[in-house]
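# Per-entry structural report
Take a look at the letters that make up each chain.
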Amino acid sequence: MSEIVIEAKNLTKQYIKQKAVDNASFAIKKGSICGLIGPNGSGKTTIMKMMGGLALPTEGSIELFGESEEKKLARARSRMSFMIETPYAKEVMTARENLEKQRLQKGIPDKKRIDEVLETVGLADTGKKPVKAFSLGMRQRLGIANALLTRPEIMVLDEPINGLDPEGIIEIRELLKKLNREEHITIVISSHILSELSLLCTDYIFIRNGLIKRTLTADEFKKECAECYHIHTDNDPLALAVLTEKLGITSYDVDKDGSIKLYERLDEQRIISKTLFENGVIPVRLAVQEANLEQYYMNIVGGDDNVEHNKGTELSDKA
């Protein structure tokens, strides 16, 4: 079983007139890249602030590396880095000068660490260029470099690709993959650019109005959103028996309502329909379905608060 490095248990944050996070429970595995997905005001940033100790839970608890007592949490947070607000940097200073200032403030004795992180984030050749001349993507990479100074085991990043152009988004995505793969850093990331998260994350947490609506792995997500042949008949158990015995179907799921999703032989719809009919099963609904992360997101956190209870929610037929 994978080691759990972050675990929220009934986590709640109540402000005067608003419950920003409501009884949230989830776990994040070591070595994962976990996407926290939800609209503005859904509670994503509040959860990240509670991870970082910038906000205290009203109820519930958060465990980091298995620790939940406040003094031990403080030590656990020293093994983490956070980029929750816009990365701060002195505009008139260079990347190296900014990192040197941060190194001293953080009490990091190894001066060579600055060269290492500048190389890692692709800013080693910026020389005397001041931060005020940096692109937004370069500023974000500098913020990540600052977060890397302490050699964190976990990085928590709030909207690190927000506002970037396509080239900048790709650069940050590939950088985070590299840090996860080569430095073995667990990453928690929020973003509104859902198509990017689908290219990056190994796990997803969907949140709306402070409520955790769904948690699933990338493999589970891909399976739920994969192109499939959705079959509903007058006798779904018999239909499944016919499909497995007569056609040798092995890749399928059964929804809560009994309907069947086939992930193979999608180009043989006429054969499937004919076989069912010849074996006494009358198809009620036959349709090819496919969805991407945006469509899945709308089904989970869209206008219907109860959508998470209905895994059979119909997704668009188009990608």
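Before reading on, note that the structure itself is shown above.
Now for a quick tour of the structure.

### Some words on the overall build of the protein
- Scanning the protein from N- to C-terminus turns up 11 helices and 13 strands.
- Seen through its principal axes, the protein has C-alpha atoms that stretch 75 × 45 × 35 Å.
- Evaluated residue by residue, the protein yields a buried proportion of 47% over its 319 residues.
- Sequence separation of 24 or more characterises 69% of the internal contacts of the protein that already satisfy a separation of 6 or more.
- When the accessible surface of the protein is summed, it comes to about 16100 Å², and 49% of that surface belongs to carbon and sulfur atoms.
- If you average the places of the 45 positive and of the 49 negative side-chain charges in the protein, the two averages end up 7 Å apart.

### A short note on the side chain of N146
- Tracing the chain through its elements places N146 in helix α5 (residues 136-148).
- Taking relative accessible area as the criterion, N146 reaches 18% and is therefore assigned buried.
- Excluding anything up to four places from it in sequence, N146 contacts L99, Q102 and K106.

### Side note on the packing of aromatic side chains
- Under the definition given, this model contains 2 aromatic pairs.
- The side chain of R79 reaches across the aromatic face of F65, ending 3.7 Å from its centre.

### Here's the deal with the state of the cysteines
- Considering all chains together, one arrives at 0 disulfides under this definition.
- Of all cysteine sulfurs in the structure, the one in C34 sits closest to C201, which takes part in no disulfide; the separation is 6.9 Å.

### Overview of the layout of surface pockets
- The computed volume of the largest pocket comes to approximately 780 Å³.
- Around the largest pocket sit 32 residues that line it, and M83, E85, T86, P87 and Y88 are the ones nearest its centre.
- Looking at the lining of the largest pocket, the elements that each hand over two or more residues are β5 (80-83), α3 (95-105) and α5.
- Sorting elements by how many residues they give to the lining of the largest pocket places α5 first, with 7 residues.
- Taken together, the residues of the lining of the largest pocket sort by class into 13 nonpolar, 11 polar and 8 charged.

### Overview of the nonpolar core
- I144, L176 and Y204 are the most contacted members of the largest nonpolar core, which has 46 residues in total.
- Broken down by element, this core gets its largest block of residues, 6 residues, from α5.
- Of all hydrophobic cores here, the second largest spans 27 residues; its members include V5, M48, A76 and I205.

### Examining the sheet that holds strand β4 (residues 59-64)
- The strand order across the open sheet built from 3 strands is β2-β1-β4, with neighbouring strands paired in antiparallel fashion. Taken across any chain shown, the strands that pair with only one partner, and hence form the sheet edges, are β2 (19-29) and β4. Sheet twist, expressed as the average angle between the axes of neighbouring strands with direction ignored, equals 15 degrees.
- Here strand β1 (residues 4-14) pairs with β4 via 5 bridges, running antiparallel. Along β4, the bridge assignment pairs I6 with L64.
- The strands touched by helix α1 (residues 44-52) within the sheet are β1, β2 and β4, with β2 carrying the most contacts at an inclination of about 65 degrees.

The rules we used
- For every chain, the first residue of the written sequence is number 1, and numbering continues from 1 along that sequence.
- In keeping with the predicted nature of the model, local features appear solely for residues at pLDDT of at least 70, side-chain atom pairs appear and are counted solely at 80 or more, and the whole-chain, interface and lining totals rest on all residues.
- Side-chain metrics in this entry use all non-hydrogen atoms of the structure; hydrogen atoms and water are not considered.
- Counting from the N terminus, the helices are the DSSP runs of H or I reaching at least four residues and the strands are the DSSP runs of E reaching at least two.
- Think of it in three bands: residues with accessible area under 20% of the maximum for their type are buried, residues over 50% are exposed, and the middle band is partly exposed, with areas taken using a 1.4 Å probe on protein chains only.
- Contacts were defined at the residue level, with two residues in contact if any of their heavy atoms lie within 4.5 Å.
- Here the open area of atoms and residues is found with the Shrake-Rupley method and a 1.4 Å probe, where only the protein chains shown may cover a residue.
- For this count, His and the chain ends are skipped, Lys and Arg are scored as positive, and Asp and Glu as negative.
- A charged residue contributes its charge at one atom only: NZ of Lys, CZ of Arg, CG of Asp or CD of Glu.
- Ring pairs are drawn from Phe, Tyr and Trp, using the six-membered ring of Trp, whenever the two centres fall within 6.5 Å, and their geometry is named by plane angle: stacked under 30 degrees, edge-to-face over 60, tilted for the rest.
- Cation placement over rings: the criterion is NZ of Lys or CZ of Arg within 6 Å of the ring centroid and within 35° of the ring normal.
- Throughout, a disulfide means two cysteine sulfur atoms within 2.5 Å of one another.
- Cavity: a set of points on a 1 Å grid over the protein atoms alone where a 1.4 Å probe fits but cannot get out. Pocket: an open set with protein on both sides within 12 Å along at least five of seven lines, its lining residues, like those of a cavity, having an atom within 4 Å of a point.
- Grid points are joined across faces, edges and corners, and a volume is the space filled by probe spheres set on the points.
- Three classes are used: nonpolar for Ala, Val, Leu, Ile, Met, Phe, Trp, Tyr, Cys and Pro, charged for Asp, Glu, Lys and Arg, and polar for all others, with Gly counted as polar.
- Nonpolar cores were defined as sets of buried Ala, Val, Leu, Ile, Met, Phe, Trp, Tyr and Cys residues, with membership established by side-chain atoms within 4.5 Å.
- Strands qualify as paired when DSSP identifies two bridges or more between them.
- Here, axes are lines fitted to C-alpha atoms. For helices the fit covers the stretch in contact, and angles between N-to-C directions go from 0 to 180 degrees.

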